[in-house]
Amino acid sequence: MTSRPYWADSATLPSFAKIAHDAEAEVVVVGGGITGLTTAYLLARSGRSVVLLERGRCAQVDTGHTSAHLTMVTDARLTALVDRFGRTHAQAAWDAGRAAIAQIDEIVCEHDIDCAFKWVDGYLHAPDPRDGTADAEPFHEEARLACELGFAATFAAAVPFAGGPGIRFHDQARFHPRQYLAGVARALTAAGGRIFEHSEAEEFRETPLAVKANGHWVSCGDIVIATHNPLVGIASMAGATVFQTKLSLYTSYVVAGRVPRGAVPDALFWDTADPYHYVRLEPHRDHDLLIAGGEDHKTGQVDSTSACFDRLEQTVAARLPDITLTHRWSGQVIETPDGLPYIGRMTEHQYAATGYGGNGLTFGTLAAMLIADAIQDRENPWADLFEPGRSAVRRGLWEYVKENVDYPYYMLRDRFSGAEGRSIRTVKRGQGQVIEHHGEKVAAYRDSHGALTLRSAVCTHMGCVVGWNDAEGTWDCPCHGSRFTPQGDVISGPAEKPLPAVSRTQPAPVEKRKS
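Below is a summary of the structure that appears in this document. (Residues numbered from 1 in each chain as written. Predicted model: local features only at pLDDT ≥ 70, side-chain atom pairs only at ≥ 80, totals over all residues. Heavy atoms only, no water.)

**Notes on the pattern of salt bridges**
In a structure, side chains of opposite charge can pair up when their charged atoms sit close to one another.
Then comes step 1: Going through the model one piece at a time under the given rule, you end up with 19 salt bridges.
Then comes step 2: Between E203 and K212 there is a salt bridge; the shortest N-O distance is 3.9 Å.
Then comes step 3: Taking the relative accessible area as the measure of exposure, E203 reaches 38% and is therefore partly exposed.
Then comes step 4: Close ionic contact of D288 with R261 constitutes a salt bridge, the shortest N to O distance being 3.4 Å. On the criterion of sequence distance, the pair formed by D288 in strand β16 (residues 288–298) and R261 in the loop between β13 (248–259) and β14 (268–271) is long-range, its members being 27 residues apart.
Then comes step 5: Assessed through its relative accessible area of 5%, D288 is described here as buried. (Salt bridge = Lys/Arg side-chain N within 4 Å of Asp/Glu carboxyl O. Buried < 20%, exposed > 50% of the residue type's maximum accessible area, 1.4 Å probe, protein only. Helix = DSSP H or I, 4+ residues; strand = E, 2+ residues; numbered from the N terminus.)

Okay, here's the thing in structure tokens:
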């Protein structure tokens, strides 16, 4: 059994040269994990000149030691987030996670990245149902709350594979992170971004703003610190120290092994133990690879890390005696006191993100989205919630959903939430459904004879996503009330144009919003 992450043994990344000359860029990103690569990509795609500096190889350290769960469900229970932040703010935190997964899906589709991305169910479940003492009521309560806040969650009396009570969360995801980030790196360089590996940021200069690596200065307008545990950069040492003392660092252990195909459902699993255990699959042609983790502890505070691996392997083998273990590795997670990451500006023209907990790939992507928006002076609905000082939230100055401004909320949520179905085959006769089709949301209607009509699900008024009105047999827009026939023709405004037709073999056309 090897002590390298499975991801490192199953995919390669393009290599990049050391920086060997002074350079200029609008933005310097320090760190080549999922946060750094995605931030750089989003900025380069928007036309910004970007230099990324990585001290070793990209996606090799913290991002490379993940178990690669993609879920909006935070380590802190939704009920706990409601207690700490209130209902709408807790909803916002999960909405943000869904947006991040949707961003990954969009990048995969746009660049045709072969990384085994798949939407799957996620299950939160009792830790050991075999003793018959698991209390189902907390799962009932959590599922009810999730549904009330608009998330697709159902109580499960007996969770598949795990057994015992739990919650099924629809539309979570999994992928191969190294294959994905190889695609992101290629897309970044294709958009004009520059990546330099083996180029550690060794010095920061405030005036004029620049970062030094390998003895060469890269001057810039903004700096992004994407290094898991943030560097000080140009921030004051006192401020950075206060920032870092809020963080708790934990080591988590992962093992992987071959199991027969179909022995474990293709889903995400994590239990309510403390520390909790988590499981997912990486399917192969002739077998499945089960990836399981847990045994977390504060970094540096156990006598034997080998014993942690031993306990985890015993737990897995007790559940799956026929497993053939092939890999073991450990990674580090960083937690904040309130259970949400810190993402935002550390000081003028310097941004950082940390504290992702067990949602590293999800929150790492979200951090890229927030920071890229901030650098481009774009409003982002979650910026204040994740701002490191939580100042607007604490003072009650931030509201996620307000009466009479539901258009931005609904448009955002619809665009970033999962479609009702993933395939045309899921649309029944006499019904309409919003489905995923070539990476776009499509309004699909099948008449009583089985004939299928496909139209763009994006309302032609201001870009919200329509929904099927089962009682009236119409497509209705939740933002301003436009209504369309099953064939996409306008019934009532304010929309004036029909929903554009969509080919079964071509992506949906994009309707430009009115200014």
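On we go.
**Considering unusual backbone geometry**
One can expect most non-glycine residues to show negative phi and most peptide bonds to be in trans.
Then comes step 1: Between T207 and P208 the backbone carries a cis peptide bond, its omega angle lying at -15 degrees.
Then comes step 2: Within the element layout of this structure, P208 appears in the loop between β9 (201–205) and β10 (210–213).
Then comes step 3: The linkage connecting D274 with the following residue, P275, adopts the cis geometry, with an omega of 0 degrees.
Then comes step 4: Position of P275 among the secondary structure elements: in the loop between β14 and β15 (278–283).
Then comes step 5: Of note in the backbone geometry, D377 takes a positive phi value of approximately 55 degrees without being a glycine.
Then comes step 6: Its location among the elements puts D377 in the loop between α9 (360–375) and α10 (383–386).
Then comes step 7: On the accessibility criterion, D377 (72% relative accessible area) is exposed.
Then comes step 8: If you check the backbone angles, R390 has positive phi at about 50 degrees while not being a glycine.
Then comes step 9: By the secondary structure assignment, R390 is in the loop between α10 and α11 (391–394).

**Things to note about helix α3 (residues 78–85)**
Then comes step 1: Looking only at α3, the buried set comprises L78, A80, L81, V82 and F85.
Then comes step 2: Elements in contact with the buried residues of α3: α4 (87–111), α5 (137–148), α10 and α11.
Then comes step 3: Backbone geometry just after α3 places G86 at a positive phi near 100 degrees. (Contact = heavy atoms within 4.5 Å.)

**As for the sheet that holds strand β21 (residues 440–446)**
Then comes step 1: Taken in spatial order, the 3 strands of this open sheet run β20-β21-β22, and their pairing is antiparallel. Single-partner strands in this sheet number two, and they are β20 (431–437) and β22 (452–456). In this sheet, neighbouring strand axes are inclined to one another by 30 degrees on average, regardless of whether the strands run parallel or antiparallel.
Then comes step 2: Taken together, the 5 bridges between β21 and β22 define a ladder with antiparallel strand orientation. Among the inter-strand pairings, A443 is bridged to a residue of β22, identified as R455. (Pairing = 2+ DSSP bridges. Axes fitted to C-alpha atoms, helices over the stretch in contact; angles between N-to-C directions.)

**Here's the deal with the pairing of strand β11 (residues 216–219)**
Then comes step 1: Bridging between strand β1 (residues 23–24) and β11 involves 2 bridges; their strand directions are parallel. What sits directly across from E24, in β11, is S219.
Then comes step 2: By the bridge criterion, 4 bridges tie β10 to β11 in an arrangement that is antiparallel. Paired with A213 across the strands is H216, a residue of β11.
Then comes step 3: Connecting the antiparallel pair β10 and β11 is a turn made up of 2 residues, with N214 showing a positive phi of about 55 degrees.

**Comments concerning the packing of helix α2 (residues 34–45) against α4**
When two helices pack together, their arrangement is given by the angle between their axes and by how far apart the axes lie.
Then comes step 1: Interaxial distance between α2 and α4 falls to 13 Å at its minimum, and their mutual angle equals 60 degrees. Overall, the two elements α2 and α4 adopt an arrangement that is oblique. α2 and α4 meet at a crossing whose hand is left-handed. Only Q103, E106, I107, E110 and H111 of α4 make contact with α2, whose side of the interface consists of T38, Y41, L42 and R45.
Then comes step 2: Looking at the contact of α2 with α4 residue by residue, the classes come out as 3 nonpolar, 3 polar and 3 charged. (Parallel < 35°, antiparallel > 145°, perpendicular 65-115°, else oblique. Left-handed = near helix turned anticlockwise from the far one by under 90°. Nonpolar A, V, L, I, M, F, W, Y, C, P; charged D, E, K, R; others polar.)

**Concerning the packing of aromatic side chains**
Then comes step 1: For the coordinates displayed, the defined rule picks out 13 aromatic pairs.
Then comes step 2: Plain terms: the ring middles of F175 and Y180 are 5.0 Å apart, the flat faces sit at 50 degrees to each other, and that makes the pair tilted.
Then comes step 3: What makes F175 buried here is its relative accessible area of 0%.
Then comes step 4: Three or more aromatic residues link up through ring pairs in this structure, and these residues are W94, F151, F169 and W270.
Then comes step 5: The positively charged end of K246 is found above the aromatic ring belonging to Y342, 5.8 Å away from the centroid.
Then comes step 6: Seen from the ring of F161, R319 lies directly overhead, with NZ or CZ sitting 5.1 Å from the centre. (Phe/Tyr/Trp six-rings, centres within 6.5 Å; stacked < 30°, edge-to-face > 60°. Lys NZ or Arg CZ within 6 Å of the ring centre and 35° of its normal.)

**Some points on the packing of α4 against helix α6 (residues 177–190)**
Then comes step 1: As a packed pair, α4 and α6 sit with axes 11 Å apart at the nearest point and diverge in direction by 65 degrees. If you check the angle between α4 and α6, you find them roughly perpendicular. Judged by the sense of rotation from one axis to the other, the crossing of α4 with α6 is left-handed. Contacts between α4 and α6 involve I104, I107, V108 and H111 on the former and, on the latter, Y180, V184 and A187.
Then comes step 2: The class makeup of the residues in the contact of α4 with α6 is 6 nonpolar, 1 polar and no charged.

**With respect to the state of the cysteines**
Then comes step 1: Counted under the stated rule, the structure contains 0 disulfides.
Then comes step 2: For the unlinked cysteine C109, the closest cysteine sulfur is that of C115, found at 9.4 Å.
Then comes step 3: On the accessibility criterion, C109 (39% relative accessible area) is partly exposed.
Then comes step 4: C459 forms no disulfide, and the closest cysteine sulfur to it belongs to C477, at a distance of 3.9 Å.
Then comes step 5: Overall, the relative accessible area of 2% leaves C459 in the buried class. (Disulfide = S-S within 2.5 Å.)

**Focus on the sheet that holds strand β24 (residues 474–476)**
Then comes step 1: Read across the open sheet, the 4 strands follow the order β23-β24-β25-β26; overall the sheet is antiparallel. In the strand order of this sheet, the two ends are held by β23 (467–469) and β26 (490–492), each with one partner.
Then comes step 2: The pairing of β24 with strand β25 (residues 483–484) spans 2 bridges and is classified as antiparallel. Along β25, the bridge assignment pairs W475 with F484.

The values reported here are purely geometric and, on their own, carry no functional implication.
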